[in-house]
Amino acid sequence: NKRMIKLNTNTNRTISLPDATTTLVGTDATQTLTNKILGTGVTATTQSNGDNSTKPATTAYVQNMGLGWNQSWQDVTGSRAVNTPYQNTTGKPIVFSIQPVGNSAGGLEVSSDGSTYVVAASASDYSSATNSAQVIVPPNHYYRFSGAGFYFWTELR
């Protein structure tokens, strides 16, 4: 149950795979991918949250960091207010979605420092058509809705 990968040894590329049992096809077919990249007998430390190095990444690490993996949509309408900043402390990207109230428009705003915000999307409700908007919020960033009100506020977290 091994995955086969052909490695071009004339290029310098980093390859991250879920395990070190992948077999190489070519001149050194008996070496594992880890041994081919790191050298025989070298053990690799895998990445952890917040680690942006070139360490090998496991499947679990990649899935844990990806948007939508181990996350679910949550109705947070009752715990959110307009023009109030919230911080994404989940350690991974989240999505927040707004449906504004009445004949108003508002901005879904995001900030890396909690003081300087950019409008990442806008939403409006003009009686004949109801619109919603969604924004991805990176880890540790702040987010808020700058409208008059909203029918619902949901988050993928």
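Owing to the predicted nature of the structure, the values given are computational and were not obtained by experimental measurement.

**Some details on the overall build of the protein chain**
Assigned secondary structure in the protein chain consists of two helices and 11 strands. For the protein chain, the α and β elements follow one another from N to C terminus as β-β-α-α-β-β-β-β-β-β-β-β-β. Counting contacts in the protein chain only where the partners sit at least 6 residues apart, residues at least 24 apart contribute 61% of the total. Carbon together with sulfur atoms contributes 49% to the accessible area of the protein chain, which is approximately 9400 Å² in total.

**Looking at the sheet that holds strand β3 (residues 73–75)**
Two modes of strand pairing occur in sheets, parallel and antiparallel, and in both the strands are linked by backbone hydrogen bonds. Strand order in this open sheet of four strands is β3-β11-β5-β9, and the pairing throughout is antiparallel. Two strands lie at the open edges of the sheet, namely β3 and β9 (133–137), each paired on one side alone. The sheet shows a mean angle of 25° between the axes of neighbouring strands, taken without regard to direction. For strand β5 (residues 94–100) and strand β11 (residues 150–156), the ladder comprises six bridges, and the chain directions are antiparallel. Note on β11: the bridge partner recorded for Q99 is F152.

**Some details on the nonpolar core**
In this structure, F96, I98, L108, V135, Y143 and W153 are the most contacted members of the largest nonpolar core, which totals 16 residues. If you list the elements that add at least two residues to this core, you get β5, β6 (105–111), β7 (118–126), β9, β10 (142–145) and β11. Setting aside anything within four residues of it in sequence, one finds I98 in contact with L108, A123, N131, S132, A133, F145, F150, F152 and W153.

**Re the pairing of β9**
Burial along β9 is one-sided: A133, V135 and V137 are buried, and none of Q134 and I136, which face the opposite way, are. Pairing analysis gives five bridges linking β5 to β9, with the strands arranged antiparallel. When the bridges of β9 are listed, I94 appears paired with V137.

**What about the packing of aromatic side chains?**
Under the counting rule described, the total for this entry stands at seven aromatic pairs. Centroid distance Y86 to Y143: 6.1 Å. Interplanar angle 45°. Geometry classified as tilted. With Y86 in strand β4 (residues 86–87) and Y143 in strand β10, the pair connects residues that are 57 residues apart, well separated along the chain. Grouped by ring-pair contacts, the aromatic residues Y86, F96, Y143, F145, F150 and W153 constitute a single cluster. When the ring centre of Y117 is taken as origin, the NZ or CZ atom of R144, which lies over that ring, is 3.6 Å away.

**A short note on the pairing of β6**
β6 sits mainly inside the fold: six of its seven residues count as buried. As paired elements, β6 and β10 share four bridges and run antiparallel to each other. Directly across from E109, in β10, lies its bridge partner R144.

**Details of the environment of G78**
Within the secondary structure, G78 sits in the loop between β3 and β4. Take G78: its relative accessible area is 83%, and that puts it in the exposed class.

**Considering the side chain of T154**
Mapping T154 onto the fold places it in strand β11. Accessibility expressed as a relative area gives 18% for T154, which makes it buried. Those residues in contact with T154 that sit more than four places away from it in its chain are W73, Q74, D75, V76, V95, F96 and S97.

**Concerning the pattern of salt bridges**
Scanning the model with the defined rule gives three salt bridges in all. In this structure, R80 and E155 form a salt bridge, with 3.0 Å as the shortest nitrogen-oxygen distance. With R80 in the loop between β3 and β4 and E155 in strand β11, the pair connects residues that are 75 residues apart, well separated along the chain. Accessibility assignment for this pair places R80 and E155 in one class, buried. Notably, a salt bridge pairs E109 with R144, separated by 2.5 Å at the nearest N-O pair. Linking E109 in strand β6 with R144 in strand β10, this pair joins segments that are 35 residues apart in sequence. Given the relative accessible area of 23%, R144 is considered partly exposed. Members of the salt-bridge network, linked through shared partners, are R80, E155 and R157.

How each quantity is defined
- Residues numbered from 1 in each chain as written.
- Predicted model: local features only at pLDDT ≥ 70, side-chain atom pairs only at ≥ 80, totals over all residues.
- Heavy atoms only, no water.
- Helix = DSSP H or I, 4+ residues; strand = E, 2+ residues; numbered from the N terminus.
- Contact = heavy atoms within 4.5 Å.
- Areas by Shrake-Rupley, 256 points an atom, 1.4 Å probe, with all protein chains shown as cover.
- Pairing = 2+ DSSP bridges.
- Axes fitted to C-alpha atoms, helices over the stretch in contact; angles between N-to-C directions.
- Core = buried A, V, L, I, M, F, W, Y, C linked by side-chain atoms within 4.5 Å.
- Buried < 20%, exposed > 50% of the residue type's maximum accessible area, 1.4 Å probe, protein only.
- Phe/Tyr/Trp six-rings, centres within 6.5 Å; stacked < 30°, edge-to-face > 60°.
- Lys NZ or Arg CZ within 6 Å of the ring centre and 35° of its normal.
- Salt bridge = Lys/Arg side-chain N within 4 Å of Asp/Glu carboxyl O.

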